[in-house]
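# Architecture at a glance
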Amino acid sequence: QVQLVESGGGLVQAGGSLRLSCAASGSIFSINAMGWYRQAPGKQRELVATITSGGSTTYADSVKGRFAIAADNAKNTVYLQMNSLKPEDTAVYYCNADLRQRRFGSIQSYWGQGTQVTVSS
């Protein structure tokens, strides 16, 4: 099985910073991409940022210039540095990984349990 364990959420004032981490473990052959999504109360889950194994990144327009995603491929870990946080960034942040468990296996998507980020005004 595969596990994604997130850490680093918490309460911060507007303008502050937080760094989220997510480590993937278990039966993993290769990871194609990892990313962060978030879900605010009453809203749908939305993409925040993704990074491929080759280092290509994508960001939601709402976080461009404030958030930065990075990965340590050797540790199967992805990070999200969040700066200049705003109250509208408040949400549960979920880690996602698209990976293969076997060399010729299909790519499957796995999710972490989520970590709460609360930004006070």
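These notes cover the structure that comes with them.

Rules used in this analysis
- Residues numbered from 1 in each chain as written.
- Predicted model: local features only at pLDDT ≥ 70, side-chain atom pairs only at ≥ 80, totals over all residues.
- Heavy atoms only, no water.
- Helix = DSSP H or I, 4+ residues; strand = E, 2+ residues; numbered from the N terminus.
- Polar contact = N/O pair within 3.5 Å; in protein donor to acceptor, adjacent residues only side chain to side chain.
- Contact = heavy atoms within 4.5 Å.
- Disulfide = S-S within 2.5 Å.
- Buried < 20%, exposed > 50% of the residue type's maximum accessible area, 1.4 Å probe, protein only.
- Salt bridge = Lys/Arg side-chain N within 4 Å of Asp/Glu carboxyl O.

## A short note on the side chain of Thr-115
Summarising the element assignment, Thr-115 is placed in strand β11 (residues 115-120). Here Gly-9 takes part through its backbone nitrogen, which lies 3.4 Å from a polar atom of the side chain of Thr-115. Not counting the four nearest positions on each side in its chain, Thr-115 is found in contact with Glu-6, Gly-9, Leu-20, Ala-91, Val-92 and Tyr-93.

## Topic: the state of the cysteines
In total, this model carries one disulfide according to the counting rule given. Between Cys-22 and Cys-95 runs a disulfide, and the two sulfur atoms are separated by 2.0 Å. Its torsion about the S-S bond being -80°, the disulfide of Cys-22 and Cys-95 is classed as left-handed. Taken together, the residues span a long stretch of sequence, with Cys-22 in strand β3 (residues 18-26) and Cys-95 in strand β9 (residues 91-100) at a distance of 73 residues. With relative accessibility at 0%, the residue Cys-95 sits in the buried group.

## Here's the deal with the pattern of salt bridges
This structure, assessed with the given rule, holds four salt bridges. Two residues, Glu-46 and Arg-38, come together in a salt bridge whose shortest N-O distance is 2.7 Å. Glu-46 sits in the partly exposed class, given a relative accessible area of 38%. Between Arg-38 and Asp-89 there is a salt bridge; the shortest N-O distance is 3.0 Å. Pair noted here: Arg-38 is in strand β4 (residues 30-39) and Asp-89 is in the loop between β8 (77-82) and β9, with a separation of 51 residues, a long-range link. Per residue, the accessibility class of Arg-38 equals that of Asp-89, and both read buried. Three or more residues are tied together by salt bridges with common partners; here these are Arg-38, Glu-46, Arg-66 and Asp-89.

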